[in-house]
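In case you want the letters, here they are:
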Amino acid sequence: VYFSESFDKGTLDGWILSKAKKDDTDEEIAKYDGKWEVLEMKDTKLPGDLGLVLMSRAKHHAIVSKMKKPFVFDKKSLIVQYEVNFQNGIECGGAYVKLLSKTPEQKPEQFHDKTPYTIMFGPDKCGEDYKLHFIFRYKNPKTGEYEEKHAKRPDADLKSYFTDKKTHLYTLVLNPDNSFEILVDQTVVNRGNLLNDVNPPVNPPNEIEDPEDKKPEDWDERPKIPDPDAVKPDDWDEDAPAKIPDENAVKPEGWLDDEPEYIPDPDAEKPEDWDEDMDGEWEAPQVANPKCESAPGCGVWQRPTIDNPSYKGKWKPPMIDNPNYQGIWKPRKIPNPDFFEDLEPFRMTPFYAIGLELWSMTSDIFFDNFIVTSERNVADDWANDGWGLKKAADGASAPSVVGQMMAAAEERPWLWIVYILTVALPVFLVILFCCSGK
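Here is what the cut-offs are and how they apply
- Residues numbered from 1 in each chain as written.
- Predicted model: local features only at pLDDT ≥ 70, side-chain atom pairs only at ≥ 80, totals over all residues.
- Heavy atoms only, no water.
- Helix = DSSP H or I, 4+ residues; strand = E, 2+ residues; numbered from the N terminus.
- Contact = heavy atoms within 4.5 Å.
- Areas by Shrake-Rupley, 256 points an atom, 1.4 Å probe, with all protein chains shown as cover.
- Lys, Arg positive; Asp, Glu negative; His and termini not counted.
- Charge placed at Lys NZ, Arg CZ, Asp CG, Glu CD.
- UniProt positions renumbered as here; feature names shortened; annotations may be inferred.
- Buried < 20%, exposed > 50% of the residue type's maximum accessible area, 1.4 Å probe, protein only.
- Pairing = 2+ DSSP bridges.
- Domains from an automatic or database assignment.
- 1 Å grid on protein atoms, 1.4 Å probe; cavity = no way out; pocket = protein on both sides within 12 Å on 5 of 7 lines; lining within 4 Å.
- Points joined across faces, edges and corners; volume = space filled by probe spheres on them.
- Nonpolar A, V, L, I, M, F, W, Y, C, P; charged D, E, K, R; others polar.
- Patch = residues over 30% accessible without salt bridge, like charges linked within 9 Å, V, L, I, M, F, W, Y side chains within 5 Å.
- Salt bridge = Lys/Arg side-chain N within 4 Å of Asp/Glu carboxyl O.

**Re the overall build of the protein chain**
- Counting secondary structure elements, the protein chain contains seven helices and 25 strands.
- Seen along its three principal axes, the alpha-carbon backbone of the protein chain occupies a region of about 100 × 90 × 75 Å.
- In the protein chain, the proportion of contacts linking residues at least 24 apart, taken out of those at least 6 apart, comes to 75%.
- On the protein chain, roughly 26,900 Å² of surface is accessible, and the fraction owed to carbon and sulfur atoms is 52%.
- Here the protein chain contributes 53 positively and 83 negatively charged side chains, and the mean placements of these two sets differ by 11 Å.

Here's what the structure looks like:
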């Protein structure tokens, strides 16, 4: 075990509050002056169980605790695990941890957003975007520069972990064979390999497109061309209309030729304040002609139109295979001058501390039972002794099925109808049939 913290001693001993300021931020919110306290959860089922609580909203928060010894990526797995409870839900904010890189300039009291870290892991949410980060900073062996590598997004639906106000256990398992697993409440929600399942990839491509290569001016990318030998037929009439009157149509019997479809409303009256000099000559609004309601139609009858069998439209030569087709042009490939191959990206920068550097629009985010270890069974035992107790206590205090149904019906009275139809009605019918002798 490289680090463990249950906060049961009730103090922030061992934790260092940042005194830094954030660059490129308004002076009013640049300071990391968000408050942290060690408290019980608001609705705890385990009196005396304490955790670290992010107390402020719309503030920058930063706090660090050094580990017993730095973690060096060699032949041991890395397991990072901790609990989070969004007691007030979460509007926009994170609850992830950063594993701070071991460097000559390490200053925990100056921890800020640009402090070098090796791994960032944990939940984050803003709007309707629910994330579970696993990011590691990879040092390019050719340039010496660091680049963030993001694990692929989980396929699982993460929303409930942010909205149900329950304590959830987040676990990252990283193995020397480059495989990784991400678990929530001891269930795998994402897994992959550092060589294949991160973006951008660790290793650059062996070849790249030549930036100096240009497409020749005579390169023909057209797979089909108009037939140059085609000739428009002599009988092709481009002026023929698409529709023509149906000569076989007959005016329906009873058609009222002399009656208009709409007539002035006979019941309309000119408003008293109508000024013909200002408003013009008053006309009654138009209404449907009542005489047309019982007739097949009114007004001048016109033949309906049909498709013109002689219509061919504008003539175009047929398309044929292009004899000069050369395919879609692509630049030629050349060896990538920046190519390297690292088959052990697991060997990351050692880290010496665990830190929380967060902005949140929601307060009272509860953290508990941090552990950094190289043994999976140790992390599992730690989980059972911490998160497992919370889960059991929540289960014991949960209302029965009947209680949940009654509570739901209080909020949605229409559910009583559903209950009656699904429970009371079948029972009534069984009794009725049994007692009627039928």
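**Some words on the UniProt feature "transmembrane region" (unreviewed entry) in the protein chain**
- Here the UniProt feature "transmembrane region" (unreviewed entry) sits at residues 414-435.
- The span residues 414-435 shows a helical share of 95% and a strand share of 0%, and its end C-alpha atoms are spaced 31 Å apart.

**What about unusual backbone geometry?**
- With omega at -5 degrees, the peptide bond leading from Asn-199 into Pro-200 counts as cis.
- Within the fold, Pro-200 resides in the loop between strand S15 (198-199) and strand S16 (207-209).
- For Gln-186, which is not glycine, the phi dihedral falls at a positive 65 degrees.
- Following the sequence through the fold, Gln-186 ends up in the loop between strand S13 (179-184) and strand S14 (187-193).
- Judged by its relative accessible area of 36%, Gln-186 falls in the partly exposed class.
- Positive phi is not limited to glycine here, since Asp-364 has a value of about 65 degrees.

**Overview of the pairing of S14**
- Sheet topology note: the S13/S14 ladder contains six bridges and is antiparallel. Paired with Ser-179 across the strands is Asn-193, a residue of S14.
- Counted along the chain from S13 to the antiparallel partner S14, the turn is two residues long, and its residue Asp-185 has a positive phi close to 55 degrees.

**Overview of the domain arrangement of the protein chain**
- For the protein chain, the domain assignment lists domain 1 (3-208 + 344-397) and domain 2 (401-436).
- Each of domain 1 and domain 2 was reduced to a C-alpha centroid, and the two centroids are 47 Å apart.

**Considering the layout of surface pockets**
- Reported here for the largest pocket is a volume of approximately 550 Å³.
- Contributing to the lining of the largest pocket are 23 residues, with Asn-85, Lys-165, Lys-166, Thr-167 and Asp-394 lying nearest its centre.
- Class assignment of the residues belonging to the lining of the largest pocket gives a composition of five nonpolar, seven polar and eleven charged.

**With respect to a negative patch on the surface**
- Side chains of Asp-267, Glu-269, Glu-272, Asp-273, Asp-275, Asp-277 and Asp-279 sit close together on the surface and give a patch of like negative charge.
- Here Asp-277 is to be found in helix H3 (residues 276-279).
- For Asp-277, a relative accessible area of 75% corresponds to the exposed category.

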